[in-house]
Amino acid sequence: MAENRHKELGLSDEKVLEMYETMLLARKIDERMWLLNRSGKIPFVISCQGQEAAQIGAAFALDKEKDYVLPYYRDMGVVLTFGMTAQELMLSGFAKAEDPNSGGRQMPGHFGQKKNNIVTGSSPVTTQVPHAVGIALAGKMEKKDLVTFVTFGEGSSNQGDFHEGANFAGVHKLPVIFMCENNKYAISVPIEKQLACEKVSDRAIGYGMPGVTVDGNDPLEVYKAVKEAADRGRRGEGPTLVETVSYRLTPHSSDDDDRSYRSPDEVAKAKTNDPIITFGAYLKEVGVMNDDSEKEINDRIMKLVNEATDYAENAAYADPESALKYVYAEEK
Ligand SMILES: Cc1ncc(C[n+]2csc(CCOP(=O)(O)OP(=O)(O)O)c2C)c(N)n1
Ligand SMILES: [Mg+2]
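Residues numbered from 1 in each chain as written. Chains lettered and ligands numbered in written order. Predicted model: local features only at pLDDT ≥ 70, side-chain atom pairs only at ≥ 80, totals over all residues. Heavy atoms only, no water.

- The name given to the protein in an unreviewed UniProt entry is 2-oxoisovalerate dehydrogenase subunit alpha, with the source organism recorded as Rossellomorea pakistanensis.
- Under the Catalytic activity (unreviewed entry) heading, UniProt states for the protein: "N(6)-[(R)-lipoyl]-L-lysyl-[protein] + 3-methyl-2-oxobutanoate + H(+) = N(6)-[(R)-S(8)-2-methylpropanoyldihydrolipoyl]-L-lysyl-[protein] + CO2".
- According to the UniProt record, the Sequence similarities (unreviewed entry) comment for the protein is "Belongs to the BCKDHA family." (UniProt positions renumbered as here; feature names shortened; annotations may be inferred.)

**With respect to the pairing of strand β7 (residues 240-245)**
In step 1: By the criterion of burial, β7 is predominantly enclosed, with 5 of the 6 residues buried.
In step 2: With 5 bridges joining them, strand β6 (residues 211-215) and β7 adopt parallel strand pairing. Of the residues in β7, the one forming a bridge with Val212 is Val242.
In step 3: Crossover connection from β6 via helix α8 (residues 219-234) to parallel β7: handedness right-handed. (Buried < 20%, exposed > 50% of the residue type's maximum accessible area, 1.4 Å probe, protein only. Helix = DSSP H or I, 4+ residues; strand = E, 2+ residues; numbered from the N terminus. Pairing = 2+ DSSP bridges. Right-handed = clockwise from strand over helix to strand, strands pointing away.)

**Notes on the side chain of Thr148**
In step 1: Tracing the sequence through the fold places Thr148 in strand β2 (residues 148-153).
In step 2: A relative accessible area of 0% means that Thr148 is categorised as buried.
In step 3: When near neighbours in sequence (up to four residues on either side) are disregarded, Thr148 contacts Tyr68, Leu70, Ala132, Ile135, Ala136, Pro175, Val176 and Ile177. (Contact = heavy atoms within 4.5 Å.)

**A look at the packing of helix α3 (residues 52-59) against α8**
In step 1: The N-to-C vectors of α3 and α8 enclose an angle of 40°; their axes lie 7 Å apart at closest approach. In terms of their interaxial angle, α3 and α8 are classed as oblique. Along this stretch, α3 crosses α8, giving a crossing that reads as right-handed. Contact residues: Ala53, Ala54, Gly57 and Ala58 in α3; Pro219, Val222, Tyr223 and Val226 in α8.
In step 2: Tallied by class, residues from the contact of α3 with α8 come to 7 nonpolar, 1 polar and no charged. (Axes fitted to C-alpha atoms, helices over the stretch in contact; angles between N-to-C directions. Parallel < 35°, antiparallel > 145°, perpendicular 65-115°, else oblique. Left-handed = near helix turned anticlockwise from the far one by under 90°. Nonpolar A, V, L, I, M, F, W, Y, C, P; charged D, E, K, R; others polar.)

Written out as structure tokens, the structure reads:
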């Protein structure tokens, strides 16, 4: 039997199965959304595919009761782990009134849900970074035992918001985990045209914090790095920059044609390292999952995705008048 890496990290068999199930759920919701988009039922998809291991490995290392997550648009794995449901995600895809993120007002991928400590984000990339730093500062001032976890792409690590936020967090030793999900592209721009340094994590030294680069296709490696970063933050030692390296398996969004800037061979090669397949294989090697339980998990998830799709498709749109809400103060 293969080496049991999750036990060494203090993760039970049940926990790693739960991680796998969450990864698979994110993938299956995402795949369904593409079908719905291509059949003209939902307007837009921006995918998590290829980044599930990084997102779920990281989110499992946080404390859902205390910590705040400030996800970016690909982070379906993070928000599912923090308590958003398949049904809620589908309601957002269909832009229905019951969508908890925005009541159907925003594009999908703009996650926000107060009860689950998921802080809403904006469309300009990286604006969530200074927000995460501000929440960490408030937590420190109020002596709360919280860390904030913020994600962004490697292209977004060139934005001023990242540098300003990282510097402030470093100077004030704030409990922030900066996680860069490096998927090798910023729309059509490949990684070698984005960075002058070798790794995104090399940037950490400039802001007085540790920087690590880990395999973003391995949820256990990401879990370990984020757990260490969270422990460091809680001890008052300040922020950490974690870079997870994976590959964007889909086009940038449902409005992009990636054949114009990368070869199908390159994508096919990346698919041989698909984290859903490699983590599933690991669970089988260590005897946590077998063909029967894999089928049972798969069937259960497909049922959930089907039910979520049906519910959201049949749900009501927002009342047009409600578009005027939250813009101007209402008369008492
Ligand atoms: C400030 C700003 N500039 C440009 C855009 C348009 N835009 C949306 S996503 C994106 C690419 C971001 O790439 P990266 O940060 O690597 O994230 P990825 O999509 O690869 O996960 C761009 C340029 C934007 N939303 N905000
Ligand atoms: Mg990218």
